[in-house]
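Spelled out from the first residue to the last, the chains are:
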Amino acid sequence: MDIQIEESWKEILKDEFDKTYFQHVVAFLKAEKASGKTIYPPGSLIFNSFKQTPFSNVKVVIIGQDPYHNPGQAHGLSFSVPDGIAKPPSLLNIFKELKNDLGIPVPQNGNLTKWASQGVLLLNASLTVRQNEPGSHAQIGWLQFTDQVIKKISDEKEGIVFLLWGKFAQEKQTLIDETKHFVLKAAHPSPLSANNGFFGCRHFSKTNELLMKQHKIPVDWKI
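The paragraphs below set out a description of the structure included in this document. (Residues numbered from 1 in each chain as written. Predicted model: local features only at pLDDT ≥ 70, side-chain atom pairs only at ≥ 80, totals over all residues. Heavy atoms only, no water.)

### Thoughts on the packing of helix 3 (residues 20-34) against helix 7 (residues 142-156)
Working note: a packed helix pair is described by the angle between its axes plus the distance between those axes. It is the contact of helix 3 with helix 7, at a shortest axis distance of 9 Å, that shows an interaxial angle of 130 degrees. On the basis of their axis angle, the class for helix 3 and helix 7 is oblique. For helix 3 against helix 7, the interelement crossing comes out left-handed. Packed against helix 3, whose contacting residues are Tyr21, Phe22, Val25 and Leu29, the element helix 7 presents Trp142, Gln144 and Phe145 at the interface. (Axes fitted to C-alpha atoms, helices over the stretch in contact; angles between N-to-C directions. Helix = DSSP H or I, 4+ residues; strand = E, 2+ residues; numbered from the N terminus. Parallel < 35°, antiparallel > 145°, perpendicular 65-115°, else oblique. Left-handed = near helix turned anticlockwise from the far one by under 90°. Contact = heavy atoms within 4.5 Å.)

Here is the structure:
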């Protein structure tokens, strides 16, 4: 099966693509498309987080749950939206915390590709979703795949900073070897929970402190 994914990731994850669960993912998406369902993000962007952040470049991981399910929003990077698309509430709260933490003004757009290009893997646990149906692809096999992504990063790299926002992301902590990586946890940036520990977490400055202690280049969080 020829999965269109960035070459370094293709090598790291090659064993996954032939497994039964992943073949089910592919068959399910083909069936959805054949039945006229609208799937986000577009096919060419399903693996965009891997394209923008090759395996060798990963130094920070931000785990999201689901792609955005409204037209034009999802482009394969967790929490991010393409240029010209209104910033969803969670992303707006991320920018508010960034301003409080590092003094960076809230940007005009919500495209986080610049973060991804610096080694911030913006990974959704599910890589696709049906239009207007959040969580609709959560049980088709994507979680097994992205759990393996997290585990491969944990097993084969060192000193990665994992940002786990909210209960769902924090359940992934068991996949991470904390003897050689760093885990920062906070509430989800959603308006429902941001006041319960996301605001004030200062994860952006803390991430850069951890990177610099390892003599790694800090992230320029400005969009």
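### Details of unusual backbone geometry
The omega torsion of the bond from Tyr40 to Pro41 falls at -10 degrees, within 30 degrees of zero and hence cis. As for its placement among the helices and strands, Pro41 is situated in the loop between strand 1 (39-40) and helix 4 (48-52). At Phe79, a position not held by glycine, the phi torsion is positive, near 70 degrees. Tracing the sequence through the fold places Phe79 in the loop between strand 2 (60-64) and helix 5 (89-102). For Phe79, a relative accessible area of 10% translates into the label buried. (Buried < 20%, exposed > 50% of the residue type's maximum accessible area, 1.4 Å probe, protein only.)

### Considerations on the sheet that holds strand 5 (residues 161-165)
Read from one edge to the other, the open sheet built from four strands follows the order 3-2-5-6, with strand pairing classed as parallel. Lying at the two open borders of the sheet, with one neighbouring strand each, are strand 3 (120-124) and strand 6 (182-186). Neighbour to neighbour, the strand axes of the sheet diverge by 20 degrees on average, direction disregarded. Note that strand 5 and strand 6 share five bridges and pair parallel. Looking at the pairing, Leu163 lines up with Leu184 of strand 6. (Pairing = 2+ DSSP bridges.)

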